[in-house]
Amino acid sequence: MNLKQRDKKYLWHPLTQHKLHPETIAITKAKGCVLTDEDGNEYIDAIASWYTCMYGHCNAYITHRVSDQMQKLDQVVFSGFTHEPAIKLSEALIKILPENQNKIFFSDNGSTAVEIGIKMALQYHFNTGEKRNALIAFEDGFHGDTFGAMSVSGLSIYNGPFEDFFLDVKRIPVPNGKNQDAILKILKEIVLNNKVAGFVYEPLVQGAAAMKMHDAEGLNEILKFCKKHNIVTVADEVMTGFGKTGKHFASLYMETKPDIMCLSKALTGGLLPMALTTCSQHIYDAFYSDEMSKGLFHGHTYSANPLACTAALASIELLQSDDIQKQIQTISASHVVFGNRIKSHPKVKSTRQLGVIFALDLNIEMERYGNLRDKLFKFFMDHGVFLRPLGSTIYIQAPYVITQKQLEKIYQVIEDALEIV
Ligand SMILES: *Cc1c(COP(=O)(O)O)cnc(C)c1O
């Protein structure tokens, strides 16, 4: 039996209805931008395996560093103990994070990073003597699959069984450059009728909503409103962080900085799972007390795993290198050219781009997990490119190390796919 067949016996895959989608593809090797399956087929990883492996798969700079670290210190409790990989990582991060970020809290995936952000926002108010129970979030946002994260996610396609247990969340539309007054009116309504603890948002690009992009100036106005009303702002940069938008963080496009930031995915270059929730000094200060109970009593066994910290540190060094920064420029410029080439195609409704993130909407109604989507996915894979259409949106978020030739192949297969839909 091959891997594909053996998989069926015991494994239960994420986000999968196994009766409708029994097939998996067994990947045996990943190097640079190329995935290889058990039959020897190769696929360009045009979405960097959910935007994680931005420096290429099995990047030698990262793997060597982690391999060295493995010989010295593998894992230790991070409550009461500390270690050099975590300290070095914190020092490197503070240099590139928005200037108001001053404290770093570890966890191990994007959902928990958001969960912690929400808990920080709620407890911040609790500790300062004012219980606030409501949260604000964007329509169509996605923040993960744990309860707090699900609650703030607007994109709750299959959340039916859980909705009765969600936190109290008020929704606002994303700023589009034209609805500023309408949004402010909704916000005023919300704060009049609710005690709002925090605002959780994906800055500028909503990933799972199919790379929907919104207006930076409008977002800045919302953030200013939140500051004025002491609403803790929680930027979920799990997807946008570490160079995707052309800056190290999407939050750097806005003048008003978030109180809290959530980071994961590209943080470790895809080598090991890790996440961070960072915050400003004034958030931290609300927890710093002679009273034990004012501390943040949240912790994960693998918090600040030394190997993951080492992978993250090596990744940040790569991000800051001239090579990668130049690649980000080159990829962005290529996307602009491709966008211009494709946007007048009769099957294309619109295109959008920010940094290395490119998306196009097809002129066709499609279900998020429907047959046409599956047909497109299969077409891409059959032609050696791993792309995962989201409904009628095709997006690219390739590793920074992609070659021009590989990029051209991705563009070409998308153009060819337009002929089959
Ligand atoms: C992927 C993602 C998450 C969830 O991260 P996981 O590691 O999958 O739990 C949260 N927020 C955003 C914006 C994401 O893209």
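Model, not experiment: these values are computed from the prediction.

Conventions adopted
Residues numbered from 1 in each chain as written. Predicted model: local features only at pLDDT ≥ 70, side-chain atom pairs only at ≥ 80, totals over all residues. Heavy atoms only, no water. Buried < 20%, exposed > 50% of the residue type's maximum accessible area, 1.4 Å probe, protein only. Helix = DSSP H or I, 4+ residues; strand = E, 2+ residues; numbered from the N terminus. Pairing = 2+ DSSP bridges. Near = heavy atom within 4 Å. Polar contact = N/O pair within 3.5 Å; in protein donor to acceptor, adjacent residues only side chain to side chain. Areas by Shrake-Rupley, 256 points an atom, 1.4 Å probe, with all protein chains shown as cover. Nonpolar A, V, L, I, M, F, W, Y, C, P; charged D, E, K, R; others polar. Contact = heavy atoms within 4.5 Å. UniProt positions renumbered as here; feature names shortened; annotations may be inferred.

Side note on the pairing of strand β12 (residues 275–280)
Side chains on a regular strand alternate between the two faces of the sheet.
Consideration 1: Burial analysis of β12 places six of its six residues in the buried class, the great majority of the element.
Consideration 2: With burial as the criterion, each face of β12 is covered, one bearing A275, T277 and C279 and the other bearing L276, T278 and S280.
Consideration 3: Note that strand β4 (residues 101–107) and β12 share six bridges and pair antiparallel. Across the sheet, F105 pairs through a bridge with T277, a residue of β12.
Consideration 4: In this sheet, β12 lies alongside strand β11 (residues 260–263) in antiparallel orientation, the contact comprising four bridges. Looking across to β12, one finds that I260 is bridged to C279.

Looking at the site of the ligand
Consideration 1: Every residue close to the ligand is listed here: N109, G110, S111, F142, H143, G144, E202, D236, V238, M239 and K265.
Consideration 2: Contact distances for the ligand include 3.2 Å between an oxygen atom and a side-chain N or O atom of N109.
Consideration 3: Within the side chain of D236, one N or O atom sits 2.7 Å away from a nitrogen atom of the ligand.
Consideration 4: The protein chains hide 81% of the 380 Å² of surface that the ligand would expose on its own.
Consideration 5: Split into classes, the residues belonging to the shell around the ligand amount to three nonpolar, five polar and three charged.

Considerations on the environment of K131
Consideration 1: Following the sequence through the fold, K131 ends up in the loop between α5 (110–127) and β5 (134–138).
Consideration 2: Judged by its relative accessible area of 64%, K131 is exposed.
Consideration 3: In this structure, the C-alpha to C-alpha distance between K131 and D37, residues 94 residues apart in sequence, is 53 Å.
Consideration 4: Not counting chain neighbours up to four residues away, the residues in contact with K131 comprise H125, F126 and K195.

Structural notes on the UniProt feature "binding site: substrate" (unreviewed entry) in the protein
Consideration 1: UniProt tags W50, K265, G299 and R388 as "binding site: substrate" (unreviewed entry). With the annotated positions falling across 339 residues, the maximum pairwise C-alpha distance of 33.5 Å shows that they are not confined to a single cluster.
Consideration 2: G299 gets classed as exposed once you look at its relative accessible area, which sits at 58%.
Consideration 3: Turning to its location among the elements, R388 is positioned in the loop between β15 (385–386) and β16 (393–396).
Consideration 4: Once residues within four sequence positions are removed from consideration, R388 is found in contact with I47, W50, R373, F377 and Y395.

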